[in-house]
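As a plain string of letters, each chain reads:
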Amino acid sequence: MKVLVCISHVPDTTSKINFTSDNKEFDKNGVQFVINPYDEFGLTRAIWLKEKQGATVTAINVGKAETEPTLRKALAIGADDAIRIDADATDGFYVAQQIAAVAKENNYDLIIAGRESIDYNGGQVAGMLAALLNQPFVNACVGLEVEGSNATLMREIDGGKETLTASLPLVIGGQKGLVEEKDLRIPNMRGIMSARTKPLAVKPATDGASRVQVGSFEKPAPKSAVTMVEADNMDELVKLLHEEAKVI
Amino acid sequence: MSVLVYLENWEGKFKKNTFEAAQYAAKTAEMMGTSVIGVTFGTISDDAAELGKYGVSKVLNLSGDDYNSFDNYKIAAALKEVAAAQNCDTLIVSGTFNGKAVAPLYSVMAEAGMITNVTELPSSVAPLTVKRSVFSSKGFVNYSTEASSKVIVFIPNAVGVVAGSGSAEMTESNVSLGDLPQTNVTNVDRVQGKIPLPEAERVISGGRGLKGPENWSMVEELAELMNAGTACSKPVADMGWRPHNEHVGQTGIAINPELYVAIGISGAIQHLAGVSNSKTIVVINSDAEAPFFKAADYGIVGDAFEVVPKFIEALKKFKA
Ligand SMILES: Cc1cc2nc3c(=O)[nH]c(=O)nc-3n(C[C@H](O)[C@H](O)[C@H](O)COP(=O)(O)OP(=O)(O)OC[C@H]3O[C@@H](n4cnc5c(N)ncnc54)[C@H](O)[C@@H]3O)c2cc1C
C-alpha cells in the first residue's frame, strides 16, 4: 500500500499574525512554522499503516526551500521519503493541481490531506485533489481502516458521525479522530538523525492555474473594553444580555 | 446568468443554515441584477414555500435512490448539471460539513473559482469580491475571482437571516449523473436532542476549570435554558470528558454564534482563534488575570460552581 500524506507548512498556533506594511502579504518575520495540525493526525495514521500493514509513506509539500524543515520533521516522525514541489503555494487549486500531477505518476492507494490548513483555512486541497484524480473523497474524516483494497471510514457531519465504505484508491481530508492527540509523536533523536538521510526529492512545478485574486489583508477590529459584573449579581448579567447585547 | 444555491436539508427538514444560504444567494443575485434558483436533494418533508421568505422563489427538488444518503460526488455533479441547464454561473453553499465536502468537487467539475470561509455578503460583483477569514479569524482578506464560474462557501451564522414575505414553488427535477467515484454510507449516528455547534446561535462552553465530566450538568442546564449548544476546550475533549465534536478553537470547530459563554476556560490563543467571532462573549473565571477577559464583552470573576447556579437561577426568574 502506497500512502501519500499532504503536509502544509503553517505558522505555529501561538503565532501573532501580522501583515506586511502594504497589507499585501502575511508577515513571516519571527514566525515559527510547523506541520499543519490536521495533517499531523493524518501523518500519524499513515505511520500506523506502515507499522501494522506494511504501507510505504511519502510526505509531500508544495513550497519553496524554507518549508524543508517541516518535511524533515515528517520524515523524523516516520515517513519513508518526501517530495517538495518547488513553488509558492499560492492558492488551494494551484496546490491541488501540483499534488495531482505527482499522484498521477505514482499511483498512490491512499492520499491523506488535512481537512483544512490553519493558515488560509481554505479547506479546498483535499476535495479538489480527489476530483482532479477522479477518486472517492471523504472529508472531515475521523476514522479510517483499510483492508485489502477496501476502506471503512468515519466522517464528522453536523451533529453526528457517518460511517462509509469506499474502495481504494481514495482521498481523505483528515482531522483529529484518525488518531488521538495522545498518539501524536514527537520526533526522537534516532528519528531526527535518520530523517537527514531519507530521500527528499525536489520537483519543479507543473503548469497550474489559479482562479482567485487576493486583495489586502486586515486585522480584526479591536474588541471594546469588557464590562465586569459582580459574581453575586447574575440578575444584572441577564439584564445586560437581554437589553444591551440582545442575545436572550 | 442566475445564481444557484445548494439548499441542504436534514432528513427532509430545512434549518436556519438552509435559510441563511437562500438569503445569501438571493442578495447576491439582487446585486448582480439576476434571479436565484435553489436546489435541494432527497425527499422533503418541510414546506418548501418557506424558502420564499428568504428570497428564493424557485426551488428544484432532485430525489430518488441517488440522493437517499449523502454522496458528495453525486451532489456536486448534480449541482453542476443543474447550473448548466439553468444558466447559473455562481453557486452559493453554506459551510456545513456536507457543504465543505461538496464545494471543492464542484469547483473542479465546473471549473469554478472557489472562495471559502466567507464572512460577509459580496462587496462587489464585477469581479465577484468577498471578505473571508484567514489564520483562524486572526485576519481577514478580500478575495475576488474573474473565473466565468464561481462558488462561494460562507461560514454558517456569518450573515444571519431575516424572514420576509414571499413564497417558493418547488418542482421535481432530474439530471443524469454518469459514472462517479463512489462512497457508500452504512450508518448515520446523529446525536439526538442537541443543537449542532456550527449552527448554534448560542453556545455554552466549559474548560478544564470545571474539574471533571461529572460537573457538566450545570453547563447542560444552562444550555437548555438558553436554547444553546454545548462546547468545550481542547484538553477537555482530549481527556475524554466531552466528545470531540464539542471541541472548539483553532484545531476544532470554529464557531460564529450570537452568544458564547466560556466557563473555566483560560482563553489560550488557540481557543480564542475559533471563538472570537462570536458576537457577544461572556467569561466566567476564578482568575481575574485569565487572558480570556481581554476578549470578553462581559466578565465575571468567581468560582464557576457558585456563579453558574446563580446564573441559572437568574435566567429562570427572567423567563418566568
Ligand atoms: C497545536 C495546538 C492546538 C490547539 N488547539 C486548541 C483548540 O482548538 N481549542 C482549544 O480550546 N485549545 C487548543 N489548544 C490548547 C490551548 O493552548 C490551551 O491549552 C487550552 O485551550 C486550555 O484549555 P482550558 O482553558 O480549558 O484549560 P486551562 O488553560 O487549564 O484553564 C482553565 C481555566 O479555568 C479557570 N478555573 C479553574 N477553576 C475554576 C473555577 N472553579 N471556576 C471558574 N474558573 C476556574 C482557571 O483560572 C483557568 O483560567 C491547542 C494547543 C496547541 C499546542
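Residues numbered from 1 in each chain as written. Chains lettered and ligands numbered in written order. Predicted model: local features only at pLDDT ≥ 70, side-chain atom pairs only at ≥ 80, totals over all residues. Heavy atoms only, no water.

Some remarks on helix α7 (residues 304-319) of chain B
- For α7 of chain B, which comprises 16 residues, the first-to-last C-alpha distance of 22 Å matches the rise-based estimate of 22 Å (1.5 Å per residue) to within 8%.
- All buried positions along α7 of chain B are accounted for by Ala-304, Val-307, Val-308, Phe-311, Ile-312, Ala-314 and Leu-315 of chain B. One side of α7 of chain B holds all its buried residues, which, seen down the axis, span an arc of 165°. Among the exposed residues of α7 of chain B, those pointing more than 90 degrees away from its buried face are Glu-306, Glu-313 and Lys-317 of chain B.
- On its buried face, α7 of chain B is in contact with α6 (234-244) of chain A together with α4 (217-226), β14 (259-263), β15 (280-285) and β16 (298-301) of chain B.
- A distance of 2.9 Å separates the backbone nitrogen of Phe-305 of chain B from a side-chain oxygen at the start of α7 of chain B, and that oxygen is part of Asp-303 of chain B. (Helix = DSSP H or I, 4+ residues; strand = E, 2+ residues; numbered from the N terminus. Expected span 1.5 Å × (residues − 1). Buried < 20%, exposed > 50% of the residue type's maximum accessible area, 1.4 Å probe, protein only. Arc of directions from axis to C-beta. Contact = heavy atoms within 4.5 Å. Polar contact = N/O pair within 3.5 Å; in protein donor to acceptor, adjacent residues only side chain to side chain.)

Notes on the packing of aromatic side chains
- Tallied over the entire structure, the rule returns 11 aromatic pairs over all chains.
- Ring geometry for Tyr-120 of chain A against Phe-217 of chain A: centres 6.4 Å apart, planes inclined by 55°, an arrangement best described as tilted. Of this pair, Tyr-120 of chain A sits in the loop between β6 (110-114) and α4 (125-133) while Phe-217 of chain A sits in strand β12 (residues 213-218), placing them 97 residues apart in sequence.
- Here the aromatic cluster, defined as three or more aromatic residues joined through ring pairs, consists of Phe-19, Phe-26, Tyr-120 and Phe-217 of chain A together with Phe-135 of chain B.
- In this arrangement the basic side chain of Lys-131 of chain B is found over the ring face of Phe-140 of chain B, its NZ or CZ atom lying 5.4 Å from the centre.
- Just above the ring of Tyr-143 of chain B sits the side chain of Arg-132 of chain B; from NZ or CZ to the centre is 4.8 Å. (Phe/Tyr/Trp six-rings, centres within 6.5 Å; stacked < 30°, edge-to-face > 60°. Lys NZ or Arg CZ within 6 Å of the ring centre and 35° of its normal.)

A closer look at the sheet that holds strand β9 (residues 160-167) of chain A
- With mixed pairing, 10 strands are arranged side by side in an open sheet as β11(A)-β5(A)-β4(A)-β1(A)-β6(A)-β10(A)-β7(A)-β8(A)-β9(A)-β11(B). The outermost strands of the open sheet, each flanked by one partner alone, are β11 (200-204) of chain A together with β11 (184-190) of chain B. Strand-to-strand twist across the sheet, computed as the mean angle between neighbouring axes with direction ignored, equals 25°.
- For β9 of chain A and β11 of chain B, the ladder comprises six bridges, and the chain directions are antiparallel. Paired with Thr-163 of chain A across the bridge in β11 of chain B is Asn-187 of chain B.
- Against the sheet, helix α3 (residues 92-106) of chain A contacts β1 (2-6), β4 (56-62), β5 (81-86), β6 and β11 of chain A, and its axis sits at roughly 150° relative to β4 of chain A. (Pairing = 2+ DSSP bridges. Axes fitted to C-alpha atoms, helices over the stretch in contact; angles between N-to-C directions.)

Things to note about the site of the ligand
- Neighbouring the ligand are 27 residues; Ser-233, Ser-266, Gln-270, His-271 and Asn-285 of chain B lie closest to it.
- Around the ligand, the neighbouring residues derive from chains A and B rather than from a single chain.
- In the model, a nitrogen atom of the ligand is placed 3.5 Å from a nitrogen or oxygen of the Gly-209 of chain B main chain.
- The separation between a nitrogen atom of the ligand and a polar side-chain atom of Thr-251 of chain B is 2.8 Å.
- Protein contacts shield 77% of the accessible area of the ligand, which totals 980 Å² for the unbound molecule.
- Of all elements in the fold, only α5 (234-238), α6 (269-275) and α7 of chain B reach the threshold of two or more residues within the shell around the ligand.
- When its residues are assigned to classes, the shell around the ligand shows six nonpolar, 16 polar and five charged. (Near = heavy atom within 4 Å. Areas by Shrake-Rupley, 256 points an atom, 1.4 Å probe, with all protein chains shown as cover. Nonpolar A, V, L, I, M, F, W, Y, C, P; charged D, E, K, R; others polar.)

Comments concerning the interface of chain B and chain A
- Each side of the interface is counted separately: chain B has 90 residues, and chain A has 77 residues.
- Three residues stand out in chain B for area buried against chain A, namely Phe-97, Phe-135 and Tyr-298 of chain B, and they jointly supply 12% of the buried area on that side.
- Where chain B meets chain A, there are five salt bridges.
- Among the salt bridges present, the one from Lys-317 of chain B reaches Asp-235 of chain A, with a minimum N-O distance of 2.8 Å.
- At eight residues, the largest contribution of residues to the side of chain B that touches chain A is made by helix α3 (residues 97-109) of chain B. (Buried area = accessible area lost by both parts, 1.4 Å probe. Salt bridge = Lys/Arg side-chain N within 4 Å of Asp/Glu carboxyl O.)

That's the geometry; what it means functionally is another story.
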